[in-house]
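Analysis of the macromolecular model
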Amino acid sequence: MIVVLTGAPGAGKGTQADLLSALKGFRKVSTGDALRKHVRMKSPIGLQAEAVMARGELVSDDILFEILRQELGPKAEEMILLDGYPRNVSQAKTLDSLKDVHPVVAAIHLDVDPHELVNRLSGRRVCASCGATFHVTMTPSKVAGVCDKCDGALQQRTDDSEECVRTRLSVYESLTKPVLEFYKEKGLYQRVDGMGRTEEVFGKLKGSLDGLRLA
Ligand SMILES: [Zn+2]
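All of the points below concern the structure found in this document. Along each chain, numbering runs from 1 in the same order as the chain's sequence is written. At least 70 in pLDDT is required for a residue's local features to be given in this predicted model, at least 80 for side-chain atom pairs to be given and counted, and no such filter applies to totals for whole chains, interfaces and linings, which use all residues.

1. Here's the deal with the overall build of the protein chain
- Scanning the protein chain from N- to C-terminus turns up eight helices and eight strands.
- Taken against the 2.2 N^0.38 rule, which gives 17 Å for 215 residues, the C-alpha radius of gyration of the protein chain at 18 Å falls within 12% of a compact globule.
- Taken along its principal axes, the extent of the C-alpha atoms in the protein chain is 55 × 40 × 35 Å.
- Partly exposed residues are those whose C-beta has more than 12 but fewer than 20 other C-beta atoms within 10 Å; 20 or more makes a residue buried and 12 or fewer makes it exposed, with C-beta atoms placed from the backbone. Counting the 215 residues in the protein chain, one finds 27% classified as buried.
- Note on contacts: residues are paired as contacts if their backbone-placed C-beta atoms lie within 7 Å. Partitioning the intrachain contacts of the protein chain with sequence separation of at least 6 by distance along the chain shows that 69% fall at a separation of at least 24. The helix and strand labels rest on DSSP assignments: H or I over at least four residues marks a helix, E over at least two residues marks a strand, and numbering proceeds from the N terminus. For this measure, only C-alpha atoms enter the radius of gyration; the expected value for a globule follows 2.2 Å times N^0.38, where N is the number of residues.

2. Looking at helix H1 (residues 13-21)
- Along H1, the residues classified as buried are Lys13, Gln16, Ala17 and Leu20. The buried residues of H1 all sit within an arc of 100° when viewed along its axis, so they share a single face.
- Buried residues along H1 sit against strand S1 (2-6), strand S2 (26-30), strand S3 (79-83), strand S4 (104-111) and helix H8 (198-214). The directions considered for the arc run from the helix axis to the C-beta atoms.

3. Quick word on the nonpolar core
- Ranked by size, the top nonpolar core spans 37 residues in total, and within it Val3, Val4, Leu5, Leu81 and Leu82 carry the most contacts.
- Ranked by residues supplied to this core, first place goes to S4 with five residues.
- When residues no more than four places from it in sequence are discounted, the contact partners of valine 3 are Met79, Leu81, Leu82, Val105, Ala106, Ile108, Leu209 and Leu212. We define a nonpolar core as a collection of buried residues of the types Ala, Val, Leu, Ile, Met, Phe, Trp, Tyr and Cys that are connected via C-beta atoms lying within 7 Å of each other.

Structure representation (structure tokens):
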């Protein structure tokens, strides 16, 4: 069975999916990771995707779905946490076509207040030398602007500037809202409060997933 995980950039979805997939009975499937893997391996579908991206275009729904289908594999006992898919209603409907083998049992929305998202993303600082990530308030470096690991200079990525963050969030929302509506209509939507510390959110998410497995 599949649990679709959704959440805005900065909501902590990736972190939570990684924590959960370390537990027995859960497996994370990320279409983004799978796509990068295919490109790296130069598989037929990876080469196809690479050509599309080189033209500056988005990888088509067909290519993404083929990658997802391979990643899901045959019917599985474990609960699959799907990260990065579906991004639109058309993808959600295609995913539905696998329901005999991989039914979607819930779409969990990791919900974080937009002000908090802006704060989380715009406070991020990345070391220009080693790539280590810090946050000005949540995980600050010992010396402001200097990397703890290599003394490199900490910088803000262009797309983490407050203005870019707001644009990213509104793009995300306009794309994802119809997908959430799609799952609401099917009675599969669940909201999990994504505010608070990582461990707290993890506890809430785990509770929801355990409830699904018992159902
Ligand atoms: Zn560094």
